[in-house]
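# Understanding the architecture of this molecule
The residues making up each chain are set out below.
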Amino acid sequence: MAERIDRNVAGDPGAAMQPGWRLAVAIGLISAAALAYQLLLMRWLAIAHWHPFAAMIISLALLGHGASGSWLSLWLHGRAPAWLALRFEPAFAWCALLFAASAALALAIAGRIPFNGLELVWNPRQLLWLSALYLVLAVPFFFAASCFGLAFARHGERIPLLYGADLIGAGVGALAALGLAYLPVERGLLLAALCGPGAAVLVMTRRDVVTVATAVAVVLLALLPGRALAPRPNEFKGLSKALLLPQAKVLAQRSGPYGWLVVLDSPRVPLRHAPGQSLGYAGEPPAQLGLYTDGDALSVIVRDGNPESSKWFAAMTSALPYALRTPESVLVLGAGGAMDVRQALVLGARRVDVVELDPQRLRWVREDYAGYAGGLYRDPRVRVSVAEPRAFVRASTARYDLIVLAGGDSFASSGAGAQAAAEQYALTVEALRDYLSRLTSQGMLVVTRWSKQPPRDELKLVATAVAALRETGSARPASQLAGIRNWDASTWLVARRPFRADELAALERFAEAQGYDPVHVPGATIDPARRFHVLEPPYLFEGTQALLSPRARDYIRDYKFAIAPARDDRPYFGHYFRWRSLPELWRLREQGSAVLLDSGYLLLVAALLQAVPLTLLLVLLPLRALSSRATARSATRAQGPAPSLARGRAGGYFLALGLAFLLIEIATLARLTLLVGHPLLAAGAGLTGFLLCAGAGSVHAQRWLSRQAAHTDDVIVERIRWAVRAIALGLLWQFVVFHVAFIYGAAWPVWTRALLGLLGIAPLAFAMGLPFALGLSRLARIAPAFVPWAWGLNGCASVIAAILAVLLAMAFGLRATLLVALALYAFAAWIWPAPTRPQLTGSATEIDAARGLWRRSR
């Protein structure tokens, strides 16, 4: 055994111990567990906080990957390869067990950290709680990544194969997370952690390891039935506030891929959800059950049987289109609790098509609470479809007199800017064009939004509608747009053709009768001083008039909030933040302007600013602690007489790859959501296909290396450059496939569009699996001690990229983000070139010795 290890250390590749199938499967298990844990942890944090906070915290938690690589480099430094050969299996097994144990412990601790993202704008202490939260959540990822780093350091010649097992395992984990999402989120997280003991037993069958693995598995299984690790919703969420009402109780709750759904009843203090309700309505509102998603995003099931319900539904701003004329056919997109559906039927619609994305929410209204809702979905006038609203519209050939864009996203969060980083493809210019194309010649689109002061989303909606009308050929968008407001909400109509005089007269009669203020009525002169609801200055009125005038471009540019039209390439309708307004808002935050700060966006920026120094601290500082002698020797072997430059070039290579890979992955998945029209399928199938194809590319790299009798650095570098060219062609292929499928495949089945999306991704992902595997294999040959460091550097770059991808897409668009990633791949291929033959001077003996050293380094 010692002789075999000695030959391996001496560099005899034929004597190297090759990893068996057990190690490859163990790496796949840990990778699957880590990715499933990551995705489910996002769900856990979305319930406890809000989605943008969850995405940011997960990104920072991945610092564990980078930290593990650096500390492994430090730990392995000074130890002979024989030491790692003898102790690799137990070290791997204990790291896998520590991953499982810390995965459960991190949830218990994170649930007790009093972090509240909405307080960041006025409470600096929340930054400390944020740091504590992401450091706790980084621990499981630290141990998972340590398993990978140990395997790469031990089996340098098989890195592409092991990296391929890592990527393929991650793809399986993404698919498994979709199934685990139907369980309570804490149970799914514990089941993912159970892969840790399994991986430990696969690699190390020693009795003590098996005993500890069994004990850890038993503890995790014992925690499954309990709620000790369940997330507690933020106190500012709608569900948390509703549960403070006397006798309020949860009637039912279900977990699924679309979130944690809760039905709440409050018999003593009834729910009164009625956006735009007229202050002149004096009747008794019908009873309601509240439907909450992830503790927020309230929609309601209205109880049938109240004789006053017709008057109640008619006394909302959303009743405006029914006051103009009675529609024959209505399409309700995103029905939620079906309040908009009942309003349409009560106010005279003869046919209502309902589109709801979440089948569980639909099932509650149609089955579990059908009696409460009066059998609404069993009415012969109602047809129900489970689909993503915009995909349904693109695939449909039907025409409607009225399309109702339900306001679930507008009513989703009481948090300031909590939805800033959320993609909303239903409210882009292209989306409104799709809706207008499905209207009859007399048809209208209606949207209701909460009012904010100063107005943001209402003006952004107007700007988006004006752009959509212009792009559909309208010469006078002002003649096809109308809006009214109450004290709390506004309703907007976008018509297929200019409003008729009788419709405008009906609009003014309706507004006068209900006590609403017209914001824009085509052809009418509105005096902003004569209003029911006085607001000074009248920002919404003035802004609407400006957006409909020739000075719209200047108004959008000069407004204190970002209200430019949202587009499919930048689908962040909830993003209103502008840097130039920050000093004023920050100065006035104690006077109430804190709620105007876009906390979701600022949190992403703060996370990026923290991630950069932490990356330097966790990666470069441990590297400095390595022996300068070992560093110089490793770098000299790699690059000749410039060790610091060589180390910097190698570091730049892996840093650029980490940034580029995740930038492309995140932007591509966002574009795939638009193509498929089904967020769940796009995320699950897209992420699985992406990782599996990248894993196949890495396995191909291993096969290529195995076929080469002498794969010199020159050959590897040329192969890396070939891979970068393939990535560029893959991006071009993806653009072509996505464009063709989106334009011509709108009516195709969702699975067909998903397969087309995967067809567009596959060549790109396959090529993206090559550069990292080849580069890491090259590093393993010339400086094996730095393999875990390179793995960690790549992981830390991914942390930065996870935040940077969203910020880039919000600022410049998804296509620009992909081009930045391509430039990073080109930079990686350039920065770490093949070694060049040194220019030698000196005696003949010295020159011969130097040439021999150069040949051996090759």
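Being a predicted model, the structure only gives us computed values, none of them experimental. (Residues numbered from 1 in each chain as written. Predicted model: local features only at pLDDT ≥ 70, side-chain atom pairs only at ≥ 80, totals over all residues. Heavy atoms only, no water.)

### Structural notes on the confidence of the model for the chain
Quick reminder of the rule: Per residue, pLDDT captures the predictor's confidence, and it can take any value from 0 to 100. Whether two residues touch is decided by their heavy atoms; if any such pair falls within 4.5 Å, the residues are in contact.
Here the chain averages 83 in pLDDT, and 86% of its residues register 70 or above. Confidence over residues 409-417 falls short of pLDDT 50; this stretch has 35 contacts with residues more than four positions distant or in other chains.

### Some thoughts on a nonpolar patch on the surface
The condition that has to hold: Here a patch means residues that are over 30% exposed by relative accessible area and free of salt bridges, tied together within 9 Å if like-charged and within 5 Å if nonpolar (Val, Leu, Ile, Met, Phe, Trp, Tyr). Computed with the Shrake-Rupley method and a 1.4 Å probe, the accessible areas treat only the protein chains shown as cover for residues. One speaks of a salt bridge when a side-chain nitrogen belonging to Lys or Arg is within 4 Å of a carboxyl oxygen belonging to Asp or Glu. By definition, any uninterrupted DSSP run of H or I lasting at least four residues is a helix, any uninterrupted run of E lasting at least two residues is a strand, and each is numbered from the N terminus.
Taken together, the side chains of L729, L732, V736, V740, I743, Y744 and W748 make up a nonpolar region of the molecular surface, amounting to roughly 710 Å² of accessible area. On the secondary structure map, V740 appears in helix α27 (residues 713-744).

### Quick look at the environment of F690
Within the fold, F690 resides in helix α26 (residues 679-707). Sequence separation of F690 and A762 is 72 residues, and the distance between their C-alpha atoms is 6.8 Å. Not counting residues within four places of it along the chain, the set of residues in contact with F690 comprises F661, I664, E665, T668, I761, A765 and M768.

### Describing the packing of helix α18 (residues 457-471) against helix α20 (residues 539-547)
Let me state the cut-off plainly: Interaxial angle, 0 to 180 degrees, is taken between N-to-C directions of lines fitted to C-alpha atoms, where a helix line uses only the stretch in contact. Reported orientations rely on four angle classes, namely roughly parallel under 35 degrees, roughly antiparallel over 145, roughly perpendicular from 65 to 115, and oblique for the rest. Handedness of each helix crossing follows the sense of rotation of the near helix against the far helix: counterclockwise by less than a right angle gives left-handed, clockwise gives right-handed. Ten residues, namely Ala, Val, Leu, Ile, Met, Phe, Trp, Tyr, Cys and Pro, are considered nonpolar, four, namely Asp, Glu, Lys and Arg, are considered charged, and the remaining ones, Gly among them, are considered polar.
At a closest axis distance of 10 Å, the pairing of α18 and α20 adopts a crossing angle of 15°. Relative to α20, the element α18 is oriented roughly parallel. In this structure, the crossing between α18 and α20 has a hand that is right-handed. Touching E458, L459, V462, A463 and V466 of α18 are L540, G543, T544 and L547, all from α20. By residue class, the composition of the contact of α18 with α20 is six nonpolar, two polar and one charged.

### Here's the deal with the pattern of salt bridges
Our working rule: The buried label applies to any residue whose accessible area, calculated with a 1.4 Å probe on protein chains only, is under 20% of its type's maximum; exposed applies above 50%, and partly exposed to all values in between.
For the structure on display, the rule yields 27 salt bridges. The residue D434 makes a salt bridge to R390 at a minimum N-O spacing of 3.0 Å. In this pair, D434 is assigned in helix α17 (residues 429-437) and R390 in helix α16 (residues 389-395), connecting sequence segments 44 residues apart. For the residue pair D434 and R390, the accessibility class agrees, reading buried in each case. Close ionic contact of R725 with E718 constitutes a salt bridge, the shortest N to O distance being 3.3 Å. One continuous salt-bridge network, built from bridges that share partners, spans R325, R497, R500, D502 and E503.

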